[in-house]
Amino acid sequence: MATALRRLGPCARMRQPLQNENIRCLTTRDHFGFECLPTQLVTKSLQKGFTFNILCVGETGIGKSTLINTLFNTNLKDSKSSHFYSNVGLKVKTYELLERNVPLKLTIVKTVGYGDQLSKEASYKPVVEYIDAQFELYLQEELKIKRSLADFHDSRIHVCLYFIAPTGHSLKTLDLITMKSIDSKVNIIPLIAKADALSKSDLQRFKSNVMRELISSGIRLYQFPAYDETSAQASASTDGLLPFAVVGSMEEVKVGKRMVRGRQYPWGVLQVENENHCDLVKLRDILLCTNMEDLKEQTHTYLYESYRSNKLQKLGFTDVGPDNQPVSFQELYKAKRQEFYDQCKKEEAELKQRFMQRVKEKEATFKDAEKELQDKFEHLKRVQQEEIIKLEEDRRKLEEEIVDFYKMKAAFEASQTQVCTNTKKDKDRKK
Ligand code: GTP
Ligand code: MG
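Model, not experiment: these values are computed from the prediction. (Residues numbered from 1 in each chain as written. Chains lettered and ligands numbered in written order. Predicted model: local features only at pLDDT ≥ 70, side-chain atom pairs only at ≥ 80, totals over all residues. Heavy atoms only, no water.)

Points about the pattern of salt bridges
Applied cut-off: Each reported salt bridge corresponds to a side-chain nitrogen of Lys or Arg within 4 Å of a carboxyl oxygen of Asp or Glu. The classification of residues rests on relative accessible area computed with a 1.4 Å probe and restricted to protein chains. Under 20% of the type maximum is buried, over 50% is exposed, and intermediate values are partly exposed.
Going through the model one piece at a time under the given rule, you end up with 21 salt bridges. Of the charged contacts, one joins Lys144 and Glu141 as a salt bridge, the two residues approaching to 3.0 Å between their closest N and O atoms. The exposure class of Glu141 is buried, given its relative accessible area of 5%. It is possible to trace a salt-bridge network through shared partners that takes in Glu142, Glu305 and Arg308.

Shown next as structure tokens:
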């Protein structure tokens, strides 16, 4: 079913027989030495070491850490996350592993608090931003004059293990939104987590429902390579298992005389490494044994390439001009530089004009305010002068009244003195 989502791998083209008739195929009879080329590559790769970056996206407590521990059969110590983060975070840890002299630098990135937010955007955006940020780091290194890609720690995500909750029903909206937002940026392998929660028939039905939903939503999953008939057959059978039903456990349980990794239930033991019980071994094979290089190649050749070309196009770079003729990078850079310079000049002139306009407007406002204040001052001065004149008039009137009063008082006192004198004279006369 998932085949409908597939694109043809690059090797499908590379491995077709050469069609050019000018090329003759010869089988050498002597030993020249180039048969040792693969050995050179192996030696070089072993010296350099391998890197692999896995992103685990899934709700809090869905079994991400347990599955990674089970895949690598190692306890990669990890603390449990809370359900109360306001934003989704990403926990990044790098481990140096060694298996029979083959060194592997493994980076595991796990979501923290995924699905615990009310807003779906708050859940999927940090994941998208993280993937883009790793592409951007690589692009910046590539664009440097002094590049050190050989020593550069390539943190681009090679595979995203998307953990689906074993509801037995259908995918959640957040699952669809997140997978749709990242399917052009990363190789997605969907997993049904804690698959031991579902019965065999429920699991089969759930797998079909999930695949139907993924296809109808146009979500692109990792495409298993199909170089030739054998690999195409292998890929088709792997396709049939998608989404992988996984069960994680680090516990050892006794089955007969053997100790196996599994989960013990009252009705029996689920052996995580038994292909009849779950798809863990298949997933491990794909990730570590058969498809690691392909996952890395698809990341570099398609997913990173698409990010890179989009980014450069956004910056205005193009391979062909308007006349469909190839454009040299140098010419384009010069033209862009000139365009940027002109744009800056234009913006500077506009800014200056806007500034002058603002200054003029402010000046006019200040002038109006100043005139208003001056008028107010004149008015108050006039009112004050009128008040002073009025007060002066009142004072003058009061002074006149005081003078009149004193005159009247003096006249009254004089008349009183006269009356007293006359009375005394009368009294004296009568005596
Ligand atoms: P956070 O990092 O806290 O988000 O959790 P996580 O997704 O890493 O989950 P973790 O691996 O810590 O597992 C949470 C619980 O689920 C533990 O109690 C595990 O034992 C249990 N668990 C993990 N895998 C499985 C599984 O496949 N089946 C069942 N039944 N339980 C599982
Ligand atoms: Mg965890």
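Structure's up, so let's keep going.
What to know about the pairing of strand S7 (residues 252-255)
In plain terms, the rule: Only when DSSP finds a minimum of two bridges between them are two strands counted as paired. Helix and strand labels come from DSSP, where a helix needs a run of H or I of at least four residues and a strand needs a run of E of at least two; each type is numbered from the N terminus.
The pairing of S7 with strand S8 (residues 258-265) spans four bridges and is antiparallel. Each residue of the ladder has a partner; that of Lys254, found in S8, is Met259. Between the antiparallel neighbours S7 and S8 lie two residues, among them Gly256 with a positive phi of about 65°.

What about the confidence of the model for the chain?
Inclusion rule: Here pLDDT means the predictor's own confidence in every residue, given as a number from 0 to 100. Any two residues whose heavy atoms approach within 4.5 Å at even a single point are treated as in contact.
Put simply, the chain has an average pLDDT of 88, and 94% of its residues get 70 or more. Looking across the chain, the model is least confident in helix H1 (residues 10-14), with a mean pLDDT of 39, and most confident in strand S4 (residues 159-164), with 97. This model gives residues 1-16 a pLDDT under 50, and the stretch forms 32 contacts once residues within four places in sequence are excluded.

Describing the sheet that holds strand S3 (residues 102-112)
Read from one edge of the open sheet, six strands run S2-S3-S1-S4-S5-S6, paired in mixed fashion. Strands at the two margins of the open sheet, each flanked by one partner only, are strand S2 (89-99) and strand S6 (244-245). In the sheet, strand S5 (residues 188-192) pairs with S6 via two bridges, with the strands oriented parallel. Counted as the bridge partner of Leu191 is Phe244 from S6.

Remarks on helix H9 (residues 292-314)
For clarity, the cut-off: In this analysis, the expected span of each helix is defined as 1.5 Å times one less than the number of residues it contains. What is called the bend at a residue is the angle between a pair of axes, fitted to the seven residues leading up to and ending at it and to the seven starting from it.
End to end, H9 covers 31 Å across 23 residues, agreeing with the expected 33 Å (1.5 Å per residue, within 8%). Along H9, the helix axis deviates most sharply at Tyr304, where the bend reaches about 35°. Every buried residue belonging to H9 is among Met292, Asp294, Leu295, Lys296, Gln298, Thr299, Leu303, Tyr304, Tyr307 and Leu312, and all of these are buried. Taken together, the buried residues of H9 touch strand S1 (50-57), S3, helix H4 (120-143), S4 and helix H8 (280-290). Of the residues trailing H9, Gly316 is marked for its positive phi of about 100°.

Description of the packing of H4 against helix H5 (residues 173-182)
Put simply, the test is: To get an axis, fit a line to the C-alpha atoms, keeping to the stretch in contact for a helix; angles then go from 0 to 180 degrees between the N-to-C directions. An angle below 35 degrees is treated as roughly parallel, one above 145 as roughly antiparallel, one from 65 to 115 as roughly perpendicular, and anything else as oblique. Rotating anticlockwise by less than a right angle from the far helix to the near helix defines a left-handed crossing, while the corresponding clockwise rotation defines a right-handed one. Residues are grouped as follows: Ala, Val, Leu, Ile, Met, Phe, Trp, Tyr, Cys and Pro are nonpolar; Asp, Glu, Lys and Arg are charged; every other residue, Gly included, is polar.
The geometry of H4 relative to H5 is characterised by a closest axis approach of 10 Å and an angle of 25° between their N-to-C directions. As judged from the angle between their axes, H4 and H5 are roughly parallel. Handedness of the H4/H5 crossing: right-handed. Along the contact surface, H4 presents Lys120, Ser123, Tyr124, Val127, Val128 and Ile131, while H5 presents Thr173, Leu174, Ile177, Thr178, Ser181 and Ile182. For the contact of H4 with H5, the class distribution of residues is seven nonpolar, four polar and one charged.

Here we look at the packing of aromatic side chains
Put simply, the rule is: A pair of Phe, Tyr and Trp rings is counted when the ring centres sit within 6.5 Å of each other, with Trp represented by its six-membered ring. The angle between the planes then sorts it: under 30 degrees is stacked, over 60 is edge-to-face, the rest tilted. Should the NZ of a Lys or the CZ of an Arg lie within 6 Å of a ring centre and within 35 degrees of the ring normal, that charge is described as sitting over the ring.
Under the criterion given, the structure shown has eight aromatic pairs. Measuring from centroid to centroid gives 6.3 Å for Tyr114 and Tyr162, while their planes differ by 85°, and the two rings are edge-to-face. Of the two residues, Tyr114 is situated in the loop between S3 and H4 and Tyr162 in strand S4; the sequence distance between them amounts to 48 residues. Considered together, Tyr114 and Tyr162 belong to a single accessibility category, that of buried residues. Ring geometry for Tyr222 versus Phe224: centroids 5.0 Å apart, planes at 70°, classification edge-to-face. Overall, Phe224 belongs to the buried group, its relative accessible area being 8%. Linked through ring pairs, Phe135, Tyr138, Phe152, Tyr304 and Tyr307 together constitute an aromatic cluster. For the cation-ring pair, Arg156 lies above Tyr138, with the distance from its terminal atom to the ring centre recorded as 3.5 Å. Lying over the aromatic face of Tyr304, Arg156 brings its terminal NZ or CZ to 4.8 Å of the ring centre.

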